[in-house]
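Survey of secondary and tertiary structure
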Number of protein chains: 2
Amino acid sequence: MSRSKSDEAQQAKPLSRIQETNRKAILEAALDVFAISGFRGATIDEIATKAGMSKPNLLYYFKSKRAIYQQVLEQTLSDWLAPFAELDPTGDPVEELRRYITAKLKMSEKNPNASKLFANEIIHGAPVIGDFLKTSLKTLVDEKAKVIRYWVGEGKLAPVDPYHLIFMIWATTQHYADFDVQIRAVVGSQAGRPGFADQAAQAVLTIILNGIRPRQ
Amino acid sequence: MSRSKSDEAQQAKPLSRIQETNRKAILEAALDVFAISGFRGATIDEIATKAGMSKPNLLYYFKSKRAIYQQVLEQTLSDWLAPFAELDPTGDPVEELRRYITAKLKMSEKNPNASKLFANEIIHGAPVIGDFLKTSLKTLVDEKAKVIRYWVGEGKLAPVDPYHLIFMIWATTQHYADFDVQIRAVVGSQAGRPGFADQAAQAVLTIILNGIRPRQ
DNA sequence: CATCCGCTTGACCGTTTGGTCAAAACAGAC
DNA sequence: GTCTGTTTTGACCAAACGGTCAAGCGGATG
């Protein structure tokens with residue numbers, strides 16, 4: 001992942017202090033706005049106001065709405081996939097998956113907007129990260145699927161299709177971020193209480209881990 | 001659910017043949033467009049064109065974009081929840097849940113746009129169906145949670161929080177509709193093959209049902 | 001043929017919004 | 001203070017879009 005000199009839109013010029021803080025403020029504001037309103041629903045004006053500057057000023061730092069979106073999406077993606085990449089073939093399968101699921105749930109709790117941003121992009125057909133999904137992500141998933149298949153072969157996991165197991169983990173963990181409004185509506189005031197996230201984690205871990213633990 | 005005479009926006013006037021077909025065409029087109037583009041992203045023009053009529057003509061049948069959205073959302077919701085309401089307390093728990101999950105997966109496969117429409121609405125904060133979630137849906141879920149808790153009490157299911165089990169089933173089944181683009185990107189050409197949906201169903205059922213089957 | 005009424009449409013309007021631009025404000029170097 | 005490059009902004013533009021309206025169309029009824 002070395003940054004070649006022809007890396008698009010990234011001149012060697014070092015960012016000034018003021019540029020750095022402003023770009024950061026914009027990206028943070030953009031994450032919130034894009035997550036809640038989607039790409040089409042978000043307006044540059046709203047992002048600018050939330051970032052504490054005027055619209056033309058924002059466009060001085062990013063040349064278009066799409067450019068902001070792309071940047072914040074890319075930045076989010078690597079954070080998002082980091083714990084997945086860390087699944088360790090030499091570790092204990094159940095423990096490895098427990099760690100991964102726990103990490104993912106914690107991320108959904110701490111930064112639900114990142115999850116919503118991603119969900120929005122996918123639901124709308126992944127116009128921006130479609131290529132990434134078909135190349136980098138696919139490669140990564142294929143690799144981890146092999147690991148899971150190996151674990152199954154060793155008898156350390158019940159026989160289960162690795163891809164669908166991965167999808168299931170993604171679905172379940174992200175659900176708590178993407179559908180938080182529905183969850184809050186259904187369980188009422190309980191959702192705010194401090195223990196709720198732990199309770200969710202315990203339930204999810206119980207079902208999935210029991211579901212894939214080898215039985216004899 | 002009897003339709004009172006003061007039922008909003010629903011006069012007693014019977015719909016003519018042409019009205020019926022046109023309204024149906026509009027709602028079908030609207031489902032597609034809203035699911036892919038979201039509420040803000042969808043345009044009346046696109047819906048009208050897809051329904052085979054002009055924009056003013058569409059607005060002759062529905063008084064606003066929001067009215068179409070509301071209608072198609074409501075219509076979708078009842079279909080969507082029907083199999084959930086049919087969970088039978090007197091049946092065998094594992095078989096009941098198998099039936100429910102299978103039905104839900106089939107719906108996601110047959111009508112992914114309905115799922116995407118719903119997902120979009122929730123992610124954006126459920127501005128239209130927020131009240132419904134907090135009243136009707138909550139009541140229904142509370143009721144079914146009691147059923148699951150009863151099953152657990154009878155020793156017919158492993159001890160598991162009913163709400164989180166329900167969320168997990170929703171998350172997993174809807175994932176195959178909402179995130180189909182990502183799934184297709186990751187598994188490649190396999191996703192198109194006829195057996196893929198069955199394979200997914202088998203994996204999901206295996207994990208969840210093994211996860212909640214009583215162990216001793 | 002004339003009338004009526006449900007259906008359809010082209011033309012139009014006001015608002016929102018992404019994006020531009022030229023000029024002003026500012027900051028630092030000398 | 002002056003000069004130079006960076007940052008900020010008010011004013012503006014063109015396109016897209018939701019929605020309106022008055023006029024046209026067409027088939028059933030008399």
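Note that the structure is predicted; figures quoted are calculated from it, not measured.

**Thoughts on the packing of helix H7 (residues 130-153) of chain B against helix H8 (residues 162-178) of chain B**
Residues and elements named next belong to chain B. H8 packs onto H7 with a crossing angle of 115° between their chain directions and a minimal axis gap of 9 Å. Taken as axis vectors, H7 and H8 run roughly perpendicular relative to one another. Considering the relative orientation of H7 and H8, their crossing is right-handed. For the pair H7 and H8, the contacting residues are Leu137, Val141, Asp142, Ala145, Ile148 and Arg149 in the first and Pro162, Tyr163, Leu165, Ile166 and Trp170 in the second. Residue composition of the contact of H7 with H8, by class: 9 nonpolar, no polar and 2 charged.

**Quick word on the pattern of salt bridges**
Pairing between side chains of opposite charge can happen when the charged atoms of each approach one another. Taken as a whole and judged by the stated rule, the model has 12 salt bridges over all chains. Between A:Glu143 and A:Lys144 there is a salt bridge whose closest N-O contact spans 3.9 Å. Judged by relative accessible area, A:Glu143 falls into the partly exposed class, the value being 43%. Residue classification places A:Lys144 among the buried residues on the basis of a relative accessible area of 4%. For B:Arg184, the salt bridge goes to B:Asp180, with nearest N and O atoms at 3.2 Å.

**Some thoughts on the domain arrangement of chain A**
Residue and element names in this part refer to chain A. As assigned here, chain A comprises domain 1 (5-68) and domain 2 (73-212). Measuring from the centre of the C-alpha atoms in domain 1 to the corresponding centre in domain 2 gives 28 Å. The partner domain 2 presents 10 residues to the 7 residues of domain 1 that form the contact. Where domain 1 abuts domain 2, roughly 650 Å² becomes buried across the two surfaces, and 58% of that area is made up of carbon and sulfur atoms. By the criterion of area lost to domain 2, the three top residues of domain 1 are Leu31, Ala35 and Arg66, representing 61% of everything that side buries. Here domain 1 is connected to domain 2 by 0 salt bridges. Summed over the shared surface of domain 1 and domain 2, the number is 1 residue pair in polar contact (both at pLDDT 80 or more). With 6 residues, the single largest contributor to the side of domain 1 that touches domain 2 is helix H1 (residues 17-41).

**So, the side chain of A:Asn210**
All names here are of chain A. Looking at the element boundaries, Asn210 is found in helix H10 (residues 196-212). On the basis of relative accessibility, which here comes to 14%, the residue Asn210 falls in the buried class. Within the local environment of Asn210, its side chain forms a polar contact with the side chain of Arg213, the two groups lying 3.5 Å apart.

**Some details on the relation of the copies chain A and chain B**
Note that the two copies of the chain are related through a rotation about an axis and a translation along the same axis. For the pair chain A and chain B, the superposition axis carries a translation of 0.0 Å, the fit reaches an RMSD of 0.1 Å, and the rotation angle comes to 180°. On this basis, the relationship between the two copies can be described by a two-fold rotation axis. The rotation axis passes nearest to the C-alpha of A:Gly211 in chain A, at a distance of 1.9 Å. A share of 100% of the interface residues of chain A reappears at the interface of chain B, consistent with the copies meeting face to face through the same patch.

**Some thoughts on the protein's contact with DNA strand D**
In the vicinity of DNA strand D there are 18 residues, among which A:Asn57, A:Tyr60, A:Tyr61, B:Lys55 and B:Lys65 approach most closely. Taking A:Asn57, its side chain carries an N or O atom lying 3.2 Å from a sugar or linking oxygen of DNA strand D. Within the backbone of B:Lys65, an N or O atom sits 2.8 Å from a phosphate oxygen of DNA strand D. Looking at the surface near DNA strand D, the elements with two or more residues in it are H1 and helix H3 (55-61) of chain A together with helix H3 (55-61) of chain B. Residue composition of the surface near DNA strand D, grouped by class: 8 nonpolar, 7 polar and 3 charged.

**Thoughts on the interface of chain A and chain B**
With 55 residues of chain A at the contact, the number on the chain B side is 55 residues. Taking both sides of the interface into account, the surface hidden between chain A and chain B amounts to around 4,800 Å²; carbon and sulfur atoms contribute 69%. Where chain A packs against chain B, one counts 0 salt bridges. Our count for the chain A to chain B interface comes out at 10 residue pairs in polar contact (both at pLDDT 80 or more). At the level of elements, H1, helix H6 (112-123), helix H7 (130-153), helix H8 (162-178), helix H9 (180-187) and H10 of chain A are the ones that each hand at least two residues to the side of chain A that touches chain B. With 12 residues, the single largest contributor to the side of chain A that touches chain B is H8(A). Residue composition of the side of chain A that touches chain B, by class: 31 nonpolar, 16 polar and 8 charged.

**A look at H1(A)**
Because the α-helix completes a turn every 3.6 residues, residues three or four places apart line up on one side. Spanning 25 residues, H1(A) covers only 31 Å between terminal C-alpha atoms, well under the ideal 36 Å at 1.5 Å per step. Along H1(A), the sharpest kink reaches roughly 80°, centred on A:Ala35. For H1(A), the complete set of buried residues consists of A:Asn22, A:Ile26, A:Leu27, A:Ala29, A:Ala30, A:Leu31, A:Val33, A:Phe34, A:Ala35, A:Ser37, A:Gly38 and A:Gly41. The inward-facing, buried residues of H1(A) abut helix H2 (44-50), H3, helix H4 (65-85) and H6 of chain A together with helix H1 (17-41) and helix H6 (112-123) of chain B.

**Some remarks on the packing of aromatic side chains**
Under the definition given, this model contains 16 aromatic pairs over all chains. Here the aromatic rings of A:Phe84 and A:Trp170 are separated by 5.7 Å at their centres, their planes lie at 65°, and the arrangement is edge-to-face. Of the two residues, A:Phe84 is situated in helix H4 and A:Trp170 in helix H8; the sequence distance between them amounts to 86 residues. Arranged with centres 6.3 Å apart and planes meeting at 90°, the rings of A:Phe167 and B:Tyr176 form a pair that is edge-to-face. In this pair, A:Phe167 is assigned in helix H8 and B:Tyr176 in helix H8, connecting two distinct chains. For A:Phe167, a relative accessible area of 1% puts it in the buried group.

Here is what the cut-offs are and how they apply
- Residues numbered from 1 in each chain as written.
- Chains lettered and ligands numbered in written order.
- Predicted model: local features only at pLDDT ≥ 70, side-chain atom pairs only at ≥ 80, totals over all residues.
- Heavy atoms only, no water.
- Axes fitted to C-alpha atoms, helices over the stretch in contact; angles between N-to-C directions.
- Helix = DSSP H or I, 4+ residues; strand = E, 2+ residues; numbered from the N terminus.
- Parallel < 35°, antiparallel > 145°, perpendicular 65-115°, else oblique.
- Left-handed = near helix turned anticlockwise from the far one by under 90°.
- Contact = heavy atoms within 4.5 Å.
- Nonpolar A, V, L, I, M, F, W, Y, C, P; charged D, E, K, R; others polar.
- Salt bridge = Lys/Arg side-chain N within 4 Å of Asp/Glu carboxyl O.
- Buried < 20%, exposed > 50% of the residue type's maximum accessible area, 1.4 Å probe, protein only.
- Domains from an automatic or database assignment.
- Buried area = accessible area lost by both parts, 1.4 Å probe.
- Polar contact = N/O pair within 3.5 Å; in protein donor to acceptor, adjacent residues only side chain to side chain.
- Least-squares fit on C-alpha atoms with pLDDT ≥ 70 in both.
- Near = heavy atom within 4 Å.
- Expected span 1.5 Å × (residues − 1).
- Bend = angle between axes of the 7 residues up to and from the residue.
- Phe/Tyr/Trp six-rings, centres within 6.5 Å; stacked < 30°, edge-to-face > 60°.

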